[in-house]
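Below, each chain spelled out in residue letters.
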Amino acid sequence: MPPIGQKDAGIIIVTHRKEGYFASLLEPNKNIKINNTTLDDKAVLLKHNDIIFINHIPMQFLWTDK
């Protein structure tokens, strides 16, 4: 999956692991949040319907098990 965000606004990457999908910072920014919690240096396991904010733009994470 390609990085999400842009330079100076913060960039994250979502990766798939055995346990599920994780969001990690590539370019830190205080305006990157998941469910209104600032994303720090640790990868965060994403859950269905989580809201990812990058530079105050909300994106909903949707995941369905096939």
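Residues numbered from 1 in each chain as written. Predicted model: local features only at pLDDT ≥ 70, side-chain atom pairs only at ≥ 80, totals over all residues. Heavy atoms only, no water.

Q: I tried to follow the overall build of the protein chain on my own but got confused; where do I start?
A: Summing up its helical and strand segments, the protein chain has zero helices and eight strands in all. For the protein chain, the N- to C-terminal ordering of α and β elements is β-β-β-β-β-β-β-β. Its C-alpha atoms give the protein chain a radius of gyration of 11 Å, near enough to 11 Å, the size a compact globule of 66 residues would have. Taking the principal axes of the C-alpha coordinates as reference, the protein chain spans close to 35 × 20 × 20 Å. Looking at the protein chain residue by residue over its 66 residues, the buried ones come to 32%. Within the protein chain, counting contacts between residues at least 6 apart in sequence, those at least 24 apart form 18% of the total. Of the accessible surface of the protein chain, which amounts to about 4800 Å², a share of 54% is contributed by carbon and sulfur atoms. Here the protein chain carries 8 positive and 7 negative side-chain charges, and the mean point of each set is 1 Å from the other. (Helix = DSSP H or I, 4+ residues; strand = E, 2+ residues; numbered from the N terminus. Rg over C-alpha atoms; globule rule 2.2 N^0.38 Å. Buried < 20%, exposed > 50% of the residue type's maximum accessible area, 1.4 Å probe, protein only. Contact = heavy atoms within 4.5 Å. Areas by Shrake-Rupley, 256 points an atom, 1.4 Å probe, with all protein chains shown as cover. Lys, Arg positive; Asp, Glu negative; His and termini not counted. Charge placed at Lys NZ, Arg CZ, Asp CG, Glu CD.)

Q: Which parts of the structure should I look at to understand the sheet that holds strand β5 (residues 37-38)?
A: Hydrogen bonding along the main chain pairs the strands of a sheet, whether they run parallel or antiparallel. Pairing is antiparallel across the open sheet formed by four strands, whose spatial order is β5-β4-β7-β8. Two strands bound the open sheet, and with one partner strand each, they are β5 and β8 (57-60). Here strand β4 (residues 32-34) pairs with β5 via two bridges, running antiparallel. In the strand pairing of β5, lysine 33 is matched with threonine 38. (Pairing = 2+ DSSP bridges.)

Q: It is not clear to me how the pairing of strand β7 (residues 51-54) should be interpreted in this structure. Could you clarify?
A: It is a general feature of regular strands that their side chains alternate between the two faces of the sheet. The alternating pattern of β7 places Ile52 and Ile54 on a buried face, while none of Ile51 and Phe53, on the opposite face, is buried. Bridge analysis of β7 against β8 gives four bridges, and the strand direction is antiparallel. Bridging from a neighbouring strand, isoleucine 52 pairs with methionine 59 of β8. Taking the residues between adjacent antiparallel strands as the criterion, β7 and β8 are bridged by two residues, where asparagine 55 takes a positive phi near 55 degrees.

Q: Honestly, unusual backbone geometry in this entry has me stumped. Any pointers?
A: Residues other than glycine predominantly adopt negative phi, and peptide bonds predominantly adopt the trans conformation. For asparagine 35, which is not a glycine, the phi torsion comes out positive at approximately 55 degrees. Among the secondary structure elements, asparagine 35 is positioned in the loop between β4 and β5.

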